[in-house]
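# Overview (structure and organization)
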Amino acid sequence: EAQVTQNPRYLITVTGKKLTVTCSQNMNHEYMSWYRQDPGLGLRQIYYSMNVEVTDKGDVPEGYKVSRKEKRNFPLILESPSPNQTSLYFCASSFRTGIAFFGQGTRLTVV
Amino acid sequence: GESVGLHLPTLSVQEGDNSIINCAYSNSASDYFIWYKQESGKGPQFIIDIRSNMDKRQGQRVTVLLNKTVKHLSLQIAATQPGDSAVYFCAEKNLLGNEKLTFGTGTRLTIIP
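The notes below deal with the structure included here. All figures in this text were calculated on a predicted structure; none of them were measured in a lab. (Residues numbered from 1 in each chain as written. Chains lettered and ligands numbered in written order. Predicted model: local features only at pLDDT ≥ 70, side-chain atom pairs only at ≥ 80, totals over all residues. Heavy atoms only, no water.)

## Looking at the overall build of chain A
Definition in use: Where helices and strands are cited, they refer to DSSP runs of H or I of at least four residues and of E of at least two residues respectively, numbered from the N terminus. Three labels apply to residues, based on accessible area from a 1.4 Å probe with only protein chains included: buried if under 20% of the type maximum, exposed if over 50%, partly exposed otherwise in between. In this description, contact between two residues means that some pair of their heavy atoms is separated by no more than 4.5 Å. Surface accessibility in these figures is a Shrake-Rupley result with a 1.4 Å probe; residues are shielded only by whichever protein chains are displayed. Charge counting follows a simple rule: Lys and Arg are positive, Asp and Glu are negative, and His as well as the terminal groups are ignored. We put the charge of a Lys on NZ, of an Arg on CZ, of an Asp on CG and of a Glu on CD.
Along chain A, the regular secondary structure elements total zero helices and 11 strands. Viewed in the frame of its principal axes, chain A has a C-alpha envelope of about 35 × 25 × 25 Å. Here chain A, with 111 residues, has 50% of them falling under the buried criterion. Summarising the internal contacts of chain A: among those between residues at least 6 apart in sequence, 52% fall at separations of at least 24. For chain A, the accessible area works out to roughly 5,300 Å², and carbon and sulfur atoms hold 53% of it. Where the 13 positive side-chain charges of chain A centre and where its 9 negative ones centre are 4 Å apart.

## Comments concerning the overall build of chain B
Cut-off, in case you're wondering: Atoms counted for the radius of gyration: C-alpha only. Globule rule: 2.2 Å times the number of residues to the power 0.38.
In terms of helices and strands, chain B carries zero helices and 11 strands. Its helices and strands in sequence order give chain B the pattern β-β-β-β-β-β-β-β-β-β-β, from N to C terminus. Computed over C-alpha atoms, the radius of gyration of chain B comes to 13 Å, within 12% of the 13 Å expected from 2.2 N^0.38 for 113 residues, which places it in the range of a compact globule. Projected onto its principal axes, the C-alpha positions of chain B cover 45 × 30 × 20 Å. Within chain B, the fraction of its 113 residues that count as buried is 46%. In chain B, once contacts between residues fewer than 6 apart in sequence are set aside, the share between residues at least 24 apart is 54%. Here chain B has roughly 5,400 Å² of accessible surface; of this, 47% comes from carbon and sulfur atoms. Considering chain B, the positive charge centre built from 11 side chains and the negative charge centre built from 10 side chains are found 2 Å apart.

## A word on the interface of chain B and chain A
One frequent convention defines the size of an interface as the accessible area lost when the parts assemble. Defined as follows: Once two parts are joined, some of their accessible surface, as seen by a 1.4 Å probe, is lost; buried area is that loss totalled over both. By definition here, a salt bridge exists when the distance from a side-chain nitrogen of Lys or Arg to a carboxyl oxygen of Asp or Glu is within 4 Å. Nitrogen and oxygen atoms within 3.5 Å of one another constitute a polar contact, given that in protein one can donate a hydrogen and the other can accept it, and given that sequence-neighbouring residues count only through two side-chain atoms. For this scheme, ten residues count as nonpolar: Ala, Val, Leu, Ile, Met, Phe, Trp, Tyr, Cys and Pro. Four count as charged, namely Asp, Glu, Lys and Arg, and the remainder, Gly too, count as polar.
Contact with chain B, which involves 22 residues of that partner, is made by 23 residues of chain A. Between chain B and chain A, a total of about 1,700 Å² is buried, with carbon and sulfur atoms accounting for 52% of that surface. At the surface where chain B touches chain A, the tally comes to zero salt bridges. At the boundary of chain B with chain A, the tally comes to three residue pairs in polar contact (both at pLDDT 80 or more). At the level of elements, β4 (32–38), β5 (45–51) and β9 (86–93) of chain B are the ones that each hand at least two residues to the side of chain B that touches chain A. Within the side of chain B that touches chain A, the residues separate by chemical class into nine nonpolar, seven polar and six charged.

## Overview of unusual backbone geometry
Residue and element names in this part refer to chain A. Backbone torsion omega between Asn7 and Pro8 reads 0 degrees, so that peptide bond is classified as cis. Mapped onto the elements, Pro8 comes out in the loop between β1 (4–7) and β2 (10–13). One non-glycine residue, Glu53, lies in the positive phi region at around 65 degrees. Mapped onto the secondary structure, Glu53 falls in the loop between β5 (42–51) and β6 (54–57).

## Let's talk about the nonpolar core
One recurring pattern in soluble globular proteins: nonpolar side chains tend to sit buried together. Rules: Nonpolar cores are built from buried Ala, Val, Leu, Ile, Met, Phe, Trp, Tyr and Cys residues. Side-chain atoms within 4.5 Å join them into one set.
Within the largest apolar cluster, 20 residues are counted, with the highest numbers of intra-cluster contacts made by B:Ile21, B:Trp35, B:Leu73, B:Leu75, B:Tyr88 and B:Leu109. Those elements that provide at least two residues to this core are β2 (10–14), β3 (19–25), β4, β5, β7 (62–67), β8 (72–77), β9 and β11 (107–112) of chain B. Counting residues in each nonpolar core, the second largest holds 19 residues, with A:Trp34, A:Ile46, A:Leu76 and A:Val110 among its members.

## Describing the state of the cysteines
Applicable threshold: Criterion for a disulfide: a pair of cysteine sulfur atoms at a distance within 2.5 Å.
Throughout the structure, instances matching the rule amount to two disulfides over all chains. In this model, A:Cys23 is linked to A:Cys91 through a disulfide, with the two sulfur atoms separated by 1.9 Å. With the S-S dihedral at roughly -75 degrees, the linkage between A:Cys23 and A:Cys91 falls on the left-handed side. Here A:Cys91 lies in strand β9 (residues 87–94) and A:Cys23 lies in strand β3 (residues 19–25), a separation of 68 residues in the sequence. Overall, A:Cys23 belongs to the buried group, its relative accessible area being 2%. The disulfide partner of B:Cys23 is B:Cys90, and the gap between their sulfur atoms is 1.8 Å.

## Points about the pattern of salt bridges
Residue and element names in this part refer to chain B. Counted according to the given criterion, the structure contains seven salt bridges over all chains. One salt bridge in this structure joins Asp84 and Arg61, with 2.9 Å as the shortest N-O distance. You can see Asp84 sitting in the loop between β8 and β9 and its partner Arg61 sitting in the loop between β6 (56–58) and β7, a full 23 residues away along the chain.

## A short note on the packing of aromatic side chains
Two measures describe an aromatic ring pair: the distance that separates the ring centres and the angle between the ring planes. Threshold: A pair of aromatic rings is counted whenever rings of Phe, Tyr or Trp (Trp by its six-membered ring) have centres within 6.5 Å, and the orientation is called stacked for planes under 30 degrees apart, edge-to-face for over 60 and tilted otherwise. Criterion for a charge above a ring: Arg CZ or Lys NZ at most 6 Å from the ring centre, at most 35 degrees from the ring normal.
Tallied over the entire structure, the rule returns 10 aromatic pairs over all chains. Considering the side-chain rings of A:Tyr35 and A:Phe102, the 5.7 Å spacing of their centres and the 45 degrees angle between planes classify their relative orientation as tilted. Residue A:Tyr35 is found in strand β4 (residues 31–38), and its partner A:Phe102 is found in strand β10 (residues 101–102); the two are separated by 67 residues along the sequence. Here A:Phe102 falls in the buried class, since its relative accessible area comes to 10%. An aromatic cluster of three or more residues is present, and its members are A:Tyr35, A:Phe90, A:Phe102, B:Tyr36, B:Phe89 and B:Phe103. If you follow B:Arg51 out to its NZ or CZ, it ends over the ring of B:Tyr32, 5.3 Å from the centre.

See below:
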């Protein structure tokens, strides 16, 4: 089954404790991206990757890092999480100019 | 800057009626538009898309209309069902750009039984 898989689905952490949210897709898509979703603000892009080893900032990259060492994986790293990073996070993947498929989301709470 | 907005944040429709969800965009360079449906606890799901060289596209019970003159698109859902209750997002991008999707803030559609 074609899918984008994120883990974990839910995470509660403390300020400053590094965490990684994993994202994996099985559709051989070149393009992957991370979004955060906040009430009243919709989905905003954090980082994206056009292919392996090619990443770039989206609209709200501050406080986040990503890596793309393999085509299927695109982890999101929060080196020192802060409460303003409490949000719902989505990973998406697509072929070039194709439809983006989204994961189920990761609800992160930073206390 | 770029923005994609929705006219109405909430919409309630009687089951069986048709619904129309509107979306305005501001980036005239956008040439590809997508409607997504997001159910509670799930990620956005693709519904229908349209390219800027078209002004109408139909799917199963859904139709997207694009008016480039006024930078407006709409999603029409025919014969609504309870399963249509969700938040609907429009998104836009430039096919020659960096693949970034710019999303609207969403409209919550509630189908009244």
